[in-house]
Amino acid sequence: MVSISKKRASLHTLGCRLNQSETLLIQQRLQDDGYEIVPFGEPVDLGIINTCTVTNLADAKCRQSIRQFTRTNPHAFTAVIGCYSQMGAKEIASIEGVDLIIGNQDKMSVLDYIGQEKNERPVIIRDRISQEDFSVSFIGDSPFNQRANLKIQDGCSFVCSFCIIPFARGASRSRDLDNLLDEARSKAQSGVREIIITGVNIGTYRSDQGDLLKVVDDLNSIPGIDRIRISSIEPTTIPIELFDLMNDPQHALLPFFHIPLQSGCDRILGEMRRRYSISEYLDFLHLAHDRVEDLYLGTDIMVGFPGETEEEFQETCRVFLDNPFDFCHVFSFSEREGTVAARRSDQVPILERQRRSAHLRRLSSKKRYDQYQSHLGRSMRVLFENPKPGLWPSYTDNYIRVVVPRDSEQKEDWANRCGLVKLKSISADFVDGELIEMID
Ligand code: SF4
């Protein structure tokens, strides 16, 4: 019998920004209930692991984290929540020491299910996911962070043939506008200057009060929010009115797009059930690149989709290299049980997927280097983050990682302040900068 009266808890997040924002809300509730939050891995009375199921590898990492936690904390109450709990509850239940498994519908209420004692066998709560729009109850005074994820939407109704997310998170639904603005105001009051608009398919946001443009504009009017970044957004869902907002120096919206391409080959895009042709995608990409000054363009590409030939992979590499992308996240295709693509008989061998993935990653590093190189010598605005030994990390508006040396004697605190920095040289995966002046 284990008491959780000491109230020490740790949380661990796997996967996407949405999971990170949800974990943070749960953490706030725990703190409000009097829990002390300690780093994951330390001895605690309660552990909450927020999981991901986007690939087989993600599942394996979740199982590893759960085992790691239960081994080092055999007496702690162990709750596993999120996407893998939704899809793989049975596998999780077979792991020794797990007390509670909650899918996506009820995970935000996890604290209501935590007992004073460990359960004899895991309790599984995995209801059908609601299709209704939603609000999120949050507590003011969020833990301070210069950049904060703000969840505006959940789920996806596109059902690409390789993707498990519509099953794990349900159909697309939008968060009440007033509710999300309240959270943004609360974050701004606690010192947050940059909001990252987060969801599964945020371009499909539609609440009674408006669409994504309305969200962006209303966030812009909140005092203290100086930067708004839109996280990954699906092609075909992006309003071109965003271009003018990105160019407007008075508007907080940053020149940043991350638009998943997935493949540069029309045949594969069709089999993936993506909703665009390569020419439609590239027309939009070039329009954005031409219309928005200093625009960062990132993408996701999946390699080794069933039936993808070497020629088709090379076609994708060419599309990536020949067009104004700055970076790509590379994903190897992963057979997710229940999806159409997992049932196909023409799977690409795993080693070949890994080879393609490594090749594309090298191309992506080169593109990133070229982007950095093309900005050297310029002076750009950055938002400084908390210091690290000997340096001040930051990002420019268009997502260049800039590091300015920090004198060990330095008294002045730059964290959460904007500065104008000169981009001087490239070191590994960041740019060395020199402060010209603090802006505010
Ligand atoms: S758009 Fe496609 S890949 Fe993205 S979450 Fe929806 S189904 Fe998955």
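Counting of residues starts from 1 at the beginning of each chain's written sequence and follows it residue by residue. Thresholds applied to this predicted model are a pLDDT of at least 70 for local features of residues and 80 or more for the giving and counting of side-chain atom pairs; totals over whole chains, interfaces and linings are not thresholded and use all residues. Hydrogens are left out, water is left out, and the side-chain values use all remaining heavy atoms of the structure.

1. Comments concerning the pattern of salt bridges
Link 1 in the chain: The term salt bridge refers to a pairing of a side-chain nitrogen on Lys or Arg with a carboxyl oxygen on Asp or Glu at a separation within 4 Å. Overall, the coordinates contain 39 salt bridges when judged by the stated rule.
Link 2 in the chain: With a closest N to O distance of 3.8 Å, E385 and R147 form a salt bridge. Of this pair, E385 sits in the loop between β17 (379-384) and β18 (391-396) while R147 sits in strand β7 (residues 147-151); the two residues are 238 residues apart in sequence, bridging distant segments of the chain.
Link 3 in the chain: Residue exposure (1.4 Å probe, protein chains only): buried if accessible area is under 20% of the type maximum, exposed if over 50%, otherwise partly exposed. Owing to a relative accessible area of 12%, E385 belongs among the buried residues under this scheme.
Link 4 in the chain: Judged by its relative accessible area of 23%, R147 falls in the partly exposed class.
Link 5 in the chain: We note a salt bridge from E308 to R356, for which the minimum N-O separation is 2.8 Å. Residue E308 is found in the loop between β15 (296-303) and α11 (310-322), and its partner R356 is found in helix α12 (residues 350-375); the two are separated by 48 residues along the sequence.
Link 6 in the chain: Under the relative-accessibility criterion, E308 is labelled buried at 4%.
Link 7 in the chain: Residue classification places R356 among the buried positions, given a relative accessible area of 5%.
Link 8 in the chain: In this structure, a network of salt bridges that share partners links the residues E22, K107, K151, D154, R169 and R173. Going along the chain from the N terminus, every DSSP run of H or I of four or more residues is numbered as a helix, and every run of E of two or more is numbered as a strand.

2. What about empty space enclosed by the protein?
Left-over empty space is what a probe sized like a water molecule reveals as it rolls over the atoms.
Link 1 in the chain: Site definitions follow a grid-based scheme: protein atoms alone, a 1 Å grid, a 1.4 Å probe that fits but cannot get out for cavities, and for pockets an open set with protein on both sides within 12 Å along at least five of seven lines, plus lining residues having an atom within 4 Å of a point. Grid points are joined across faces, edges and corners, and a volume is the space filled by probe spheres set on the points. Applying the stated criterion across every chain, the model contains 1 cavity of 30 Å³ or more.
Link 2 in the chain: Around the largest cavity sit S21, L24, L25, Q28, N149, K151, R175, E183 and K187, which together line it.
Link 3 in the chain: Residue assignment for the lining of the largest cavity shows that the elements contributing at least two residues are α1 (17-32), β7 and α6 (177-189).
Link 4 in the chain: Considering every element that reaches the lining of the largest cavity, the biggest residue donor is α1, with 4 residues.
Link 5 in the chain: Lys, Arg, Asp and Glu make up the charged group, whereas Ala, Val, Leu, Ile, Met, Phe, Trp, Tyr, Cys and Pro make up the nonpolar group; the residues left over, Gly among them, are polar. Residues belonging to the lining of the largest cavity are distributed by class as follows: 2 nonpolar, 3 polar and 4 charged.
Link 6 in the chain: The domain limits used here are those given by an automatic or database domain assignment. For the lining of the largest cavity, the two domains that each supply at least three residues are domain 1 (8-125) and domain 2 (144-254).

3. Brief notes about the pairing of strand β21 (residues 430-438)
Link 1 in the chain: Examined bridge by bridge, strand β19 (residues 401-405) and β21 share 2 bridges and lie parallel to one another. Across the sheet, V403 pairs through a bridge with D432, a residue of β21.
Link 2 in the chain: Criterion used throughout: strands pair if DSSP finds at least two bridges between them. Where strand β20 (residues 418-427) and β21 come together, 8 bridges link them in antiparallel fashion. Directly across from L423, in β21, lies its bridge partner G433.
Link 3 in the chain: Turn length for the β20-β21 hairpin, with the two strands adjacent in sequence and antiparallel, is 2 residues, and the turn residue A428 shows positive phi of about 50 degrees.

4. What to know about the packing of α11 against α12
Link 1 in the chain: Each axis is a line fitted through C-alpha atoms, and for a helix only the stretch in contact is used; angles between axes span 0 to 180 degrees, taken between their N-to-C directions. At a minimum axis separation of 11 Å, α11 and α12 run at an interaxial angle of 15 degrees. Taken together, the axes of α11 and α12 are roughly parallel relative to one another. Crossing handedness for the pair α11 and α12: right-handed. Across the interface between the two elements, E310, F313, C317, F320 and L321 of α11 pack against E352, R355, R356, H359, L360, L363, S364 and K367 of α12.
Link 2 in the chain: Classifying every residue of the contact of α11 with α12 gives 6 nonpolar, 2 polar and 5 charged. Convention used here: angles under 35 degrees read as roughly parallel, angles over 145 as roughly antiparallel, angles from 65 to 115 as roughly perpendicular, and any remaining angle as oblique. Note: crossing handedness is left-handed where the near helix turns anticlockwise from the far helix by less than a right angle, and right-handed where it turns clockwise. The contact criterion used is simple: two residues touch if any of their non-hydrogen atoms lie within 4.5 Å.

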